[in-house]
Structures are given as structure tokens and as C-alpha cells.
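Structural overview for review
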Amino acid sequence: MIHTTAIIDPLANIADDVQIGPYCVIKGDVTIGSGCILESHVVIEGPTVIGKNNHFYPFGNIGAAPQDKKYAGEATTLKIGDDNTFRENVTVNRGTTQDRGETTIGNDNWIMAGVHIAHDCVIGSHCIFANATALAGHVTVNDWSILGGYTLVHQFCQIGEHSFCGMGSVINQDIPNFVIVSGNLAKPRGINIEGLKRRNFSSDQINLIKKAYRSLYRTGNKLSFAIEELESINDSAGTLDSLINFLKSSNRGIVR
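All of the points below concern the structure found in this document. Computed from a predicted model, the values in this text were never measured in an experiment.

1. Here's the deal with the sheet that holds strand β11 (residues 77-80)
Reading across the sheet, the eight strands line up as β2-β5-β8-β11-β14-β17-β20-β23 and stay open at both edges, with parallel pairing between neighbours. Single-partner strands in this sheet number two, and they are β2 (13-14) and β23 (158-159). With two bridges joining them, strand β17 (residues 122-123) and strand β20 (residues 140-141) adopt parallel strand pairing. Bridge pairing in β20 links Val122 to Thr140.

2. Here's the deal with the packing of helix α2 (residues 203-217) against helix α3 (residues 223-233)
At a closest axis distance of 9 Å, the pairing of α2 and α3 adopts a crossing angle of 160 degrees. Here α2 lies roughly antiparallel to α3, going by the angle between them. You can see that α2 and α3 cross each other, and the crossing is right-handed. Between α2 and α3, the contacting residues are Leu208, Lys211, Ala212, Ser215 and Leu216 on the first element and Leu223, Ala226, Glu229, Leu230 and Ile233 on the second. Classifying every residue of the contact of α2 with α3 by side-chain character gives seven nonpolar, one polar and two charged.

3. Some words on helix α4 (residues 241-249)
Residues Leu243, Ile244, Phe246 and Leu247 constitute the buried set of α4. For α4, the buried positions fall inside an angular range of 160 degrees around the axis, keeping them on one side. For α4, the elements touching its buried residues are β23, α2 and α3.

4. What about the sheet that holds strand β25 (residues 170-171)?
Taken in spatial order, the nine strands line up as β1-β4-β7-β10-β13-β16-β19-β22-β25 in an open sheet, and their pairing is parallel. Each edge of the sheet is formed by a strand with only one pairing partner; in this case those strands are β1 (7-8) and β25. By the bridge criterion, three bridges tie strand β4 (residues 25-27) to strand β7 (residues 43-45) in an arrangement that is parallel. Within β7, the residue paired with Val25 across the bridge is Val43.

5. Regarding the nonpolar core
Among the nonpolar cores identified, the biggest contains 63 residues, and Ile117, Phe129 and Leu135 are the most heavily contacted of them. For this core, the secondary structure elements donating two or more residues are β5 (30-32), β11, β26 (179-182), α2, α3 and α4. Considering every element that reaches this core, the biggest residue donor is α2, with seven residues. With residues near it in sequence (within four places) discarded, Leu135 still touches His116, Ile117, Ala118, Cys121, Ile123, Phe129, Val141, Leu147 and Val153.

6. Description of the pattern of salt bridges
In total, this model carries six salt bridges according to the counting rule given. For the salt bridge of Asp68 with Lys70, the shortest nitrogen-to-oxygen distance reads 3.2 Å. On the basis of relative accessible area, Asp68 is assigned to the buried category, the value being 14%. In this structure, the salt-bridge partner of Glu231 is Lys248, at a minimum N-O distance of 2.7 Å. Linking Glu231 in helix α3 with Lys248 in helix α4, this pair joins segments that are 17 residues apart in sequence. Judged by its relative accessible area of 52%, Lys248 falls in the exposed class.

Cut-offs applied
- Residues numbered from 1 in each chain as written.
- Predicted model: local features only at pLDDT ≥ 70, side-chain atom pairs only at ≥ 80, totals over all residues.
- Heavy atoms only, no water.
- Pairing = 2+ DSSP bridges.
- Helix = DSSP H or I, 4+ residues; strand = E, 2+ residues; numbered from the N terminus.
- Axes fitted to C-alpha atoms, helices over the stretch in contact; angles between N-to-C directions.
- Parallel < 35°, antiparallel > 145°, perpendicular 65-115°, else oblique.
- Left-handed = near helix turned anticlockwise from the far one by under 90°.
- Contact = heavy atoms within 4.5 Å.
- Nonpolar A, V, L, I, M, F, W, Y, C, P; charged D, E, K, R; others polar.
- Buried < 20%, exposed > 50% of the residue type's maximum accessible area, 1.4 Å probe, protein only.
- Arc of directions from axis to C-beta.
- Core = buried A, V, L, I, M, F, W, Y, C linked by side-chain atoms within 4.5 Å.
- Salt bridge = Lys/Arg side-chain N within 4 Å of Asp/Glu carboxyl O.

Structural measurements only, silent on function.
Right, dumping it as C-alpha cells:
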């Protein structure tokens, strides 16, 4: 299961059924869970903890030191969940002590060729990052988000769940839940109706989200007033709960 040309650090803890291809390098305190596949020329550096059934394609660099001049060799970490795909030339950096000290990736994410995930990012689950998407440090991407090819995200931005960013988007403020954005700089274009349908949101829920979008973007409301209106129209199921909480927690302001 381990190719003879692979170099494995004695500190590494690798499940028995992990497949490691030609010329891979596992360096430092690295844990790799059952069912993982490393194609050829994959480099994984620690401290890094990787869950089960992750697939790494050639020339990825996972767990390298952060690209931050303040980093001075501290033992920061990268944690990756289960069932993720990392295509060719993906780079994921560990955290920094100036923030969480950890970069975190959840489960079932599809990360395409040339994507960069910088230090201290927090990635949820079921996200899609198309080719050459780049996240600066300290970015949070919530569940079910889709970032189109060549999307650029400024540091400390938050990407809300079920949102969609068109290809080539330049994001310098937070993207609320459910919203489609595109452009340089990114601007709101509507709600992610097709994505919501695929995830079994009901017609009533989608119509409620449309009302929330109009309150945020079509009425000229100040954000504080829009939040009050969203709270007043929210349904008993709490369809807008996550959106309201996102808006209240936004530090950079939302794309408007």
C-alpha cells in the first residue's frame, strides 16, 4: 500500500489501509486515517491530523507552514475531516499563534486543482472550491458554499452557508447565507435557488428567503433595520435563524 519511493517520517501515524503513491513525502507529526489515498508526489507536513477516506491528487502540499512573516516555527496544526477530495496542486497551510493556531477543514468537500487555503481558515462541510480559488488567512467558509473558479477571498471574510460565488469573484466583505455574488468587487445577484432546491428546501422556505433578500438588498434598509425585519418574518422552523446569526456576527460588513 506504500510505494517504495515514498518517504515516511517515523513520527507519522498512518492507518494500515492507506494508499501512498510514488514519491510522496510525509514529514513530521502526521496522522492519516483509514481509507485515504495519496496519489504520486503528495507532500503532507505536520502537525496535521487527517480523517478517513480523503483523496489527495498529485503535487498537493498539505500542512505546510503558513505564509505569514510573523510565523516563527510554532507547532500550529491542520485538521482535516473525512471524505474530502483534494485535486492537483492544492495547498493548505497550518494555523498561526496570532489566531486559532489551527486551520480546519470539515467533511465531504470537493477542492479542485490549484486551490489555496491559507492559515487559520475554517472550512465547513459539503463545500465546492473550483479551480484556482484562493483564500487568504483567517477566512471562514460555511457548509454547502460554492466558490467559482479563480475566486479570491480577502482575509477575515466569512462566506455564509448555501451561498454561491461566481467565477472570478473578488470578495472583500462577508457573503450572507443563501446569496449569489459575482464580480470584481463582488456584488449580490440574487439567492441560490437551484442550490436550495437540491438541498430540499421547500417552496415556502425559498419564498421566505426571497423576502429576506429583498429586505437586505432591495429596500434600502440599514442592516440593523433589516435584521429586525428578518426576525419579524422568520418562520416557526427557524429558516432564517442562521442568516440572522450570520448578519449579527459580521465584522467586515456584508457585500451590498
